[in-house]
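# Structural overview for review
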Protein chains: 2
Amino acid sequence: MLRNRGLEWCLKMRISLIGAGRVAYHLAHALQQNHQLIQIFSRSLQKAQHVAEQVSADAIDQFVQLNADVDLILIAVSDQAIASVIEQIQSYVPNVLIAHTSGSTHINVLNQYHVRSGVLYPLQTFSFERQTDWKNTPLFVEAMTTQDQACLQQLANELSERVYLYSSEQRLSLHLAAVFACNFSNYCYDIANQVLEAQAVDFSLLAPLILETAHKATQNRPEHMQTGPAMRGDVNILNMHQKCLTDAQRHDFAKVYQLMSEQILQRQQHLK
Amino acid sequence: MLRNRGLEWCLKMRISLIGAGRVAYHLAHALQQNHQLIQIFSRSLQKAQHVAEQVSADAIDQFVQLNADVDLILIAVSDQAIASVIEQIQSYVPNVLIAHTSGSTHINVLNQYHVRSGVLYPLQTFSFERQTDWKNTPLFVEAMTTQDQACLQQLANELSERVYLYSSEQRLSLHLAAVFACNFSNYCYDIANQVLEAQAVDFSLLAPLILETAHKATQNRPEHMQTGPAMRGDVNILNMHQKCLTDAQRHDFAKVYQLMSEQILQRQQHLK
């Protein structure tokens, strides 16, 4: 038994994962470098098996099967499922450190049911199709005790060069900002793709523009990098674009176009 | 005189630029590699001088000063100014090929006043602070005659490996898509930055996320790369984020949040 000997037990941990989605998949692959993956739980045994096979863990689909002889259980499921998971599992693993991986879910959602609660939030967007650059992915750690915090911090330090102690409130702002920076910008790309597809134009033409826009916003203040007709207050072009969208019956895109343009214009006037 | 000897005169061209903004600035720098910059016009002589000095051209602030002994005049001004510019300059340079650099402005805006009209549209976002990767920047060419088209095409081929002949209608779709992919995604970064600043959190934490989001959308279909609470239909988190924004009196951001989330949810349901 390596556990319960102060910080040392963190060196080589026995870890189980609840969830077999994108975050769980990438965490499992990253954690198996230094640690032993014990069980992967998913309501779909097939999904659990898919991940478990790749990291030499056991797949389970019932919480009663959870092995209590582990150092850490990571809950990497959708936010809305976290409370239900902790409520169901805590009696099977009462003494195990359990951490969720969510940006917006408060640590108290775990702590109301379970004493040894923590958070390990990776600020990144995960896809099955892509490798994760863990070293550059900011990781945010929170725990109820300094010992559990130190343990999660050490784990995080193995994965990434950017580890931070953040409260649940700070993490929520971060996730909210991430929704704009990642989810909504991706939806903007999606709209662009649909606009081009309607004209049989290849989306790959936009790749240099998309990459340059992202690079320059991360190297300068985004408000100073704003370009385009809304920023210039070019009403003719704004109207022309709106007309294109409504003519094409894309009133949904026209709504986005109008709202974003109005706000960009106001923002630039405010900055002047 | 190298001009008016078929295509050959394009080899080393005498070029003037109307405009001293970001596009003009980067075009002037790129074009001076192979060609001679003659005049840079801006209503602000100071701005004209700033660019002209760097490319050994003359700065002017009156259209009557335009030198008619050039092969090409590029109009790189805001869309709303193009018609007024061509109307004012065409009598001074009646035989010169004049091209604008706009995505959304029809070639006819020039051609209604001037016979030898063309377009050279770079699909990129330009900043004074940043170098332009011209080789990878898609360039879209249009002209009224095959000879002028060949001339602009050759010029474009010198700058970029991605040159396309596009009609004004095709170019408009492209620019409209670019507004979503570039201007609106940048505004999403700007909102993210403002959300974090309000909590004194460093925007640079989002850099890996922003870059990964951009990279994966350009290497896959963006709708398949969508992540986040709206995509998962996670109503609790959506409401929590909306509440954060309204509590912070950012009703403008809350509007964007709601509209984008609704559409992402609908899009994902449609894709299922």
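Residues numbered from 1 in each chain as written. Chains lettered and ligands numbered in written order. Predicted model: local features only at pLDDT ≥ 70, side-chain atom pairs only at ≥ 80, totals over all residues. Heavy atoms only, no water.

Residue and element names in this part refer to chain A. Pairing is mixed across the open sheet formed by eight strands, whose spatial order is S3-S2-S1-S4-S5-S6-S7-S8. The strands lining the two open edges of the sheet, one partner per strand, are strand S3 (58-60) and strand S8 (163-165). Pairwise comparison of adjacent strand axes, ignoring direction, gives a mean angle of 25° for this sheet. Two elements, strand S1 (residues 14-18) and strand S2 (residues 36-41), share four bridges in a ladder whose sense is parallel. Bridge pairing in S2 links leucine 17 to isoleucine 40. Where helix H1 (residues 22-31) meets the sheet, it contacts S1, S2, strand S4 (72-75) and strand S6 (117-122), and its direction lies at approximately 170° from that of S1. (Pairing = 2+ DSSP bridges. Helix = DSSP H or I, 4+ residues; strand = E, 2+ residues; numbered from the N terminus. Axes fitted to C-alpha atoms, helices over the stretch in contact; angles between N-to-C directions. Contact = heavy atoms within 4.5 Å.)

With that settled, consider the pairing of S1(A). Residue and element names in this part refer to chain A. Among the five residues in S1, four count as buried, and that is most of the element. Following the chain from S1 across H1 to the adjacent parallel S2, one finds a crossover that is right-handed. Bridging between S1 and S4 involves four bridges; their strand directions are parallel. Each residue of the ladder has a partner; that of isoleucine 18, found in S4, is isoleucine 75. (Buried < 20%, exposed > 50% of the residue type's maximum accessible area, 1.4 Å probe, protein only. Right-handed = clockwise from strand over helix to strand, strands pointing away.)

Here we take up the packing of helix H6 (residues 168-197) of chain A against helix H6 (residues 168-197) of chain B. Running from N to C, H6(A) and H6(B) point in directions that differ by 175°, and their axes come no closer than 8 Å. With respect to H6(B), the element H6(A) is oriented roughly antiparallel. Residue classes in the contact of H6(A) with H6(B) are distributed as 24 nonpolar, four polar and no charged. (Parallel < 35°, antiparallel > 145°, perpendicular 65-115°, else oblique. Nonpolar A, V, L, I, M, F, W, Y, C, P; charged D, E, K, R; others polar.)

This part covers the relation of the copies chain B and chain A. What connects the two chain copies is a rotation about an axis and a shift along it. Once turned by 180° and shifted 0.0 Å along the axis, chain B lies on chain A with an RMSD of 0.0 Å. Both copies are brought into coincidence by an operation consistent with a two-fold rotation axis. For chain B, the residue whose C-alpha comes nearest the rotation axis is Ser185(B), separated from it by 2.2 Å. A shared interface surface links the copies, since 99% of the contact residues of chain B are contact residues in chain A too. (Least-squares fit on C-alpha atoms with pLDDT ≥ 70 in both.)

A common way to report how large an interface is uses the accessible area buried once the components associate. The interface of chain B with chain A comprises 96 residues on the first partner and 95 residues on the second. Across the interface of chain B and chain A, roughly 9100 Å² is buried in total on both sides, 65% from carbon and sulfur atoms. Looking at the side of chain B facing chain A, the largest losses of area belong to Arg130(B), Phe180(B) and Leu205(B), adding up to 8% of the total buried there. Here chain B is connected to chain A by eight salt bridges. Here Arg221(B) and Glu197(A) are joined by a salt bridge, their closest N and O atoms 2.9 Å apart. Run the count over chain B and chain A and you get 37 residue pairs in polar contact (both at pLDDT 80 or more). Those elements giving two or more residues to the side of chain B that touches chain A turn out to be helix H3 (79-89), H6, helix H7 (207-219), helix H8 (229-232), helix H9 (235-247) and helix H10 (251-271) of chain B. Broken down by element, the side of chain B that touches chain A gets its largest block of residues, 26 residues, from H6(B). Class assignment for the residues of the side of chain B that touches chain A results in 49 nonpolar, 31 polar and 16 charged. (Buried area = accessible area lost by both parts, 1.4 Å probe. Salt bridge = Lys/Arg side-chain N within 4 Å of Asp/Glu carboxyl O. Polar contact = N/O pair within 3.5 Å; in protein donor to acceptor, adjacent residues only side chain to side chain.)

We now examine the nonpolar core. By size, the foremost hydrophobic cluster in this structure holds 82 residues, and its most contacted members are Phe180(A), Leu206(A), Phe180(B) and Leu206(B). Among residues more than four places away in sequence, those in contact with Phe180(A) are Ser185(A), Cys188(B), Ile191(B), Ala192(B), Leu245(B), Phe253(B), Val256(B) and Tyr257(B). (Core = buried A, V, L, I, M, F, W, Y, C linked by side-chain atoms within 4.5 Å.)

With that settled, consider the side chain of Glu212(B). In this fold, Glu212(B) is placed in helix H7. Those residues in contact with Glu212(B) that lie beyond four places of it in its chain are Gln124(A), Thr125(A) and Arg130(A).

A separate point is the side chain of Gln124(A). Within the secondary structure, Gln124(A) sits in the loop between S6 and strand S7 (139-143). Using a relative accessible area of 14% as the deciding quantity, one classes Gln124(A) as buried.

The subject of this paragraph is the environment of Ala99(A). Residue and element names in this part refer to chain A. Locating alanine 99 in the fold gives a position in strand S5 (residues 97-100). Classification of alanine 99 by relative accessible area gives buried; the value is 0%. Sequence-wise, alanine 99 and alanine 143 are 44 residues apart; in three dimensions their C-alpha atoms are separated by 8.1 Å. Other than its neighbours up to four places away in sequence, alanine 99 contacts Leu72, Ile73, Leu74, Ile75, Leu110, Gly118, Val119, Leu120 and Leu152.

The subject of this paragraph is the confidence of the model for chain A. In low-pLDDT regions, the fine details of the predicted coordinates are not to be read closely. Residues and elements named next belong to chain A. In this model, chain A carries a mean pLDDT of 94, and residues with pLDDT of at least 70 account for 96%. Long-range and interchain partners of residues 1-6, a stretch whose pLDDT sits below 50, account for 10 contacts in this model, where long-range means more than four residues apart. Across the whole predicted complex the pTM is 0.92, and at the interface the ipTM reaches 0.92. (pLDDT = per-residue confidence, 0-100.)

Next up on the list: the sheet that holds strand S2 (residues 36-41) of chain B. Residue and element names in this part refer to chain B. Read across the open sheet, the eight strands follow the order S3-S2-S1-S4-S5-S6-S7-S8; overall the sheet is mixed. The strands lining the two open edges of the sheet, one partner per strand, are strand S3 (58-60) and strand S8 (163-165). Put simply, the sheet's adjacent strands are angled 25° from each other on average, direction ignored. Across five bridges, the pairing between strand S6 (residues 117-122) and strand S7 (residues 139-143) is antiparallel. When the sheet's bridge partners are listed, leucine 120 is paired in S7 with valine 141. The strands touched by helix H1 (residues 22-31) are strand S1 (14-18), S2, strand S4 (72-75) and S6; relative to S1, the strand with the most contacts, the crossing angle is about 170°. Here H6 sits on the sheet and contacts strand S5 (97-100), S6, S7 and S8; the angle it forms with S6, its principal contact strand, is near 25°.

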